[in-house]
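A structural walkthrough
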Amino acid sequence: MREIVMYPHIALMQPTKKVKEIDDELIILLDEMHEIIKREDAIGIAANQLGVLKRVCVVELDEETGLFEMINPEIVSHSGKSIDVEGCLSFPEVYGTVERYEEVTIRYVDRDGYEMEVDATDYLARAFQHEIEHLDGKVFTDKIIETIAPENLATFMEENGYD
């Protein structure tokens, strides 16, 4: 199992390369990425967070929305703006508010090679944008509006109406 790379690892700042072929190696990577987000109780991960410079990410907000294994994802439309709290596996104990689009449409290829399109709102839209930015070689800390200390996160969430 690959290890999560931590900032300032160079892979986090490099744009990833489009996947040209879905092969056994890519399927193994997708499976590992899913296992890692389960193990870490995370929402998503991008391949470059594992040191792999392929345009691949995995997002699973909850059981209701299901698992999204996205190969070559791109944002094809967006609207609205919202500010919410984010964290990142490559930035342990770093949290902050970030402005993102409220609604996005993402086009990607799934593990079977089918082109897919999904409309997302709220936190699912946020998660997609966070992971796609990783694939573009960008990190969420560059967009933080307000940093939240780990010891203050629970209080901040409660005061701002989060469950």
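This structure is a prediction, so every number in the text was calculated from the model and none was measured. (Residues numbered from 1 in each chain as written. Predicted model: local features only at pLDDT ≥ 70, side-chain atom pairs only at ≥ 80, totals over all residues. Heavy atoms only, no water.)

**Focus: the UniProt feature "active site" (unreviewed entry) in the protein chain**
- Per the UniProt record, "active site" (unreviewed entry) is annotated on Glu 131.
- On the secondary structure map, Glu 131 appears in helix α2 (residues 122-135).
- Those residues in contact with Glu 131, other than ones at most four positions away along the chain, are Gly 44, Ile 45, Ala 46, Gln 49, Cys 57, Val 58 and Val 59. (UniProt positions renumbered as here; feature names shortened; annotations may be inferred. Helix = DSSP H or I, 4+ residues; strand = E, 2+ residues; numbered from the N terminus. Contact = heavy atoms within 4.5 Å.)

**Things to note about the UniProt feature "binding site: Fe cation" (unreviewed entry) in the protein chain**
- Annotation from UniProt places "binding site: Fe cation" (unreviewed entry) at Cys 88, His 130 and His 134. Spanning 47 residues, the named residues nonetheless gather at one spot, since no C-alpha pair among them exceeds 10.3 Å.
- Each residue touching Cys 88, except ones within four places of it in the same chain, is listed here: Gln 49, Val 94, His 130, His 134 and Phe 140.
- Position of His 130 among the secondary structure elements: in helix α2.
- If we skip the residues at most four places from it in the chain, His 130 touches Glu 86, Gly 87, Cys 88, Arg 100 and Phe 140.

**Looking at the side chain of Gln 129**
- For Gln 129, the position within the fold is in helix α2.
- Judged by relative accessible area, which is 5%, Gln 129 ranks as buried.
- Those residues in contact with Gln 129, other than ones at most four positions away along the chain, are Ile 75, Arg 100, Tyr 101 and Val 104. (Buried < 20%, exposed > 50% of the residue type's maximum accessible area, 1.4 Å probe, protein only.)

**Observations concerning α2**
- For α2, built from 14 residues, the straight-helix expectation of 20 Å at 1.5 Å per residue is met to within 8% by its first-to-last C-alpha distance of 21 Å.
- With respect to burial, α2 is a largely interior element, 12 of its 14 residues being buried.
- Among all positions of α2, only Leu 124, Ala 125, Arg 126, Ala 127, Phe 128, Gln 129, His 130, Glu 131, Ile 132, Glu 133, His 134 and Leu 135 are buried. (Expected span 1.5 Å × (residues − 1).)

**Focus on the state of the cysteines**
- If you walk through the whole model with that rule in mind, you get zero disulfides.
- Residue Cys 57 stays outside any disulfide, its sulfur separated by 12 Å from that of Cys 88, the closest cysteine.
- Looking at Cys 57, the relative accessible area reads 0%, which means it is buried. (Disulfide = S-S within 2.5 Å.)

**Details of the pattern of salt bridges**
- All told, the structure shown has 13 salt bridges when counted by the stated rule.
- Ionic pairing is found between Arg 111 and Asp 31, a salt bridge with its closest N-O pair at 2.5 Å. Residue Arg 111 is located in the loop between β6 (103-109) and β7 (115-121), and its partner Asp 31 is located in helix α1 (residues 24-39); the two are separated by 80 residues in the primary sequence.
- Residue Asp 31 is classed as partly exposed on the basis of its relative accessible area, which comes to 37%.
- With a closest N to O distance of 2.8 Å, Glu 69 and Arg 111 form a salt bridge. Taken together, the positions of Glu 69 in strand β3 (residues 67-79) and Arg 111 in the loop between β6 and β7 put the pair 42 residues apart, joining distant regions of the chain.
- On the basis of relative accessibility, which here comes to 13%, the residue Glu 69 falls in the buried class.
- Overlapping salt bridges bring together Glu 86, Arg 100, Arg 126, Glu 133 and Lys 143 as one network. (Salt bridge = Lys/Arg side-chain N within 4 Å of Asp/Glu carboxyl O.)

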